[in-house]
Amino acid sequence: ILVVQSNLASTYSCLGRQENAVRMLRDVYSGNLRLKGEENGTTLLAANNYAFTLIVVRRFEEAKSLLRKTIPVARRVLDNNEETTLRMRMNYAKALYADDDATLDHLREAVTTLEEIERTARRVFGGAHPVATQTATSLRNARTALRARETPPT
């Protein structure tokens, strides 16, 4: 059932029904957490999918809170260089820099995190891998946001 719900959430997202996708992915994550525990790879993937959709609907605080809890588990259980762990960290950085209320410290943290992920992704997967290319795009966006905040308006 959880796999079907996850697929349905993806369909909702493709149709632009993001709030439906958020609710469904929350249920998928909660179900996996209850059935498989927090240290299960499927649970961690469900957490990342849920967090990603929270970012899409600009619910940054919820996404950051979820990822702050789950990234340390992913690092411990999956490994720091594993794709899901890197994607979770990338989503955390996105939640930091995409928020209009981001502080300079948040923007700097996002840039630093993305620089580290990009190096790791290129080393582990190669430069053409989706994690590497998506991280490079996020890094450009984070640097743009940081420059815009650091540069006073003229």
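The structure reproduced in this document is the subject of the present report.

What counts, and where the lines are drawn
- Residues numbered from 1 in each chain as written.
- Predicted model: local features only at pLDDT ≥ 70, side-chain atom pairs only at ≥ 80, totals over all residues.
- Heavy atoms only, no water.
- Helix = DSSP H or I, 4+ residues; strand = E, 2+ residues; numbered from the N terminus.
- Rg over C-alpha atoms; globule rule 2.2 N^0.38 Å.
- Buried < 20%, exposed > 50% of the residue type's maximum accessible area, 1.4 Å probe, protein only.
- Contact = heavy atoms within 4.5 Å.
- Areas by Shrake-Rupley, 256 points an atom, 1.4 Å probe, with all protein chains shown as cover.
- Lys, Arg positive; Asp, Glu negative; His and termini not counted.
- Charge placed at Lys NZ, Arg CZ, Asp CG, Glu CD.
- Axes fitted to C-alpha atoms, helices over the stretch in contact; angles between N-to-C directions.
- Parallel < 35°, antiparallel > 145°, perpendicular 65-115°, else oblique.
- Left-handed = near helix turned anticlockwise from the far one by under 90°.
- Nonpolar A, V, L, I, M, F, W, Y, C, P; charged D, E, K, R; others polar.
- Salt bridge = Lys/Arg side-chain N within 4 Å of Asp/Glu carboxyl O.

Our focus in this paragraph is the overall build of the protein chain. Helix and strand counts for the protein chain come out as 7 helices and 0 strands. Going from the N terminus to the C terminus, the protein chain shows its helices and strands as α-α-α-α-α-α-α. Computed over the C-alpha atoms, the radius of gyration of the protein chain is 16 Å, within 12% of the 15 Å expected from 2.2 N^0.38 for a compact globule of 154 residues. Dimensions of the protein chain along its principal axes, counting C-alpha atoms only, are 55 × 35 × 25 Å. By residue count, 41% of the 154 residues in the protein chain fall in the buried class. When contacts within the protein chain are restricted to residue pairs at least 6 apart in sequence, long-range pairs at least 24 apart make up 59% of them. If you sum the accessible surface of the protein chain, you get close to 8,200 Å²; carbon and sulfur atoms cover 51% of it. With 23 positive and 18 negative side-chain charges, the protein chain shows a separation of 3 Å between the mean positions of the two kinds.

Contact pair helix 6 (residues 104–125) / helix 7 (residues 130–150): the axes reach a minimum separation of 9 Å and the direction vectors enclose 160 degrees. Judged by the angle between their axes, helix 6 and helix 7 are roughly antiparallel. You can see that helix 6 and helix 7 cross each other, and the crossing is left-handed. On the side of helix 6, the interface is formed by Leu 104, Leu 107, Arg 108, Ala 110, Val 111, Leu 114, Glu 115, Ile 117, Glu 118, Ala 121, Arg 122 and Phe 125, while helix 7 contributes Val 131, Ala 132, Thr 135, Ala 136, Ser 138, Leu 139, Ala 142, Arg 143, Ala 145, Leu 146, Arg 149 and Glu 150. Residue composition of the contact of helix 6 with helix 7, by class: 15 nonpolar, 2 polar and 7 charged.

Turning next to the pattern of salt bridges. Here the structure, examined in full by the defined rule, presents 13 salt bridges. A salt bridge links Lys 64 to Asp 99; the nearest nitrogen and oxygen atoms lie 4.0 Å apart. Of the two residues, Lys 64 sits in helix 4 (residues 60–77) while Asp 99 sits in the loop between helix 5 (83–97) and helix 6, which places them 35 residues apart along the sequence. Classification of Asp 99 by relative accessible area gives buried; the value is 13%. Between Glu 115 and Arg 143 there is a salt bridge, and its shortest N-O distance comes to 2.9 Å. In this pair, Glu 115 sits in helix 6 while Arg 143 sits in helix 7, placing the two residues 28 residues apart along the sequence.

Here we come to unusual backbone geometry. Backbone geometry places Arg 58, a non-glycine residue, at a positive phi of 65 degrees. In this fold, Arg 58 is placed in the loop between helix 3 (41–56) and helix 4. According to the relative accessible area criterion, Arg 58 is partly exposed, its value standing at 45%.

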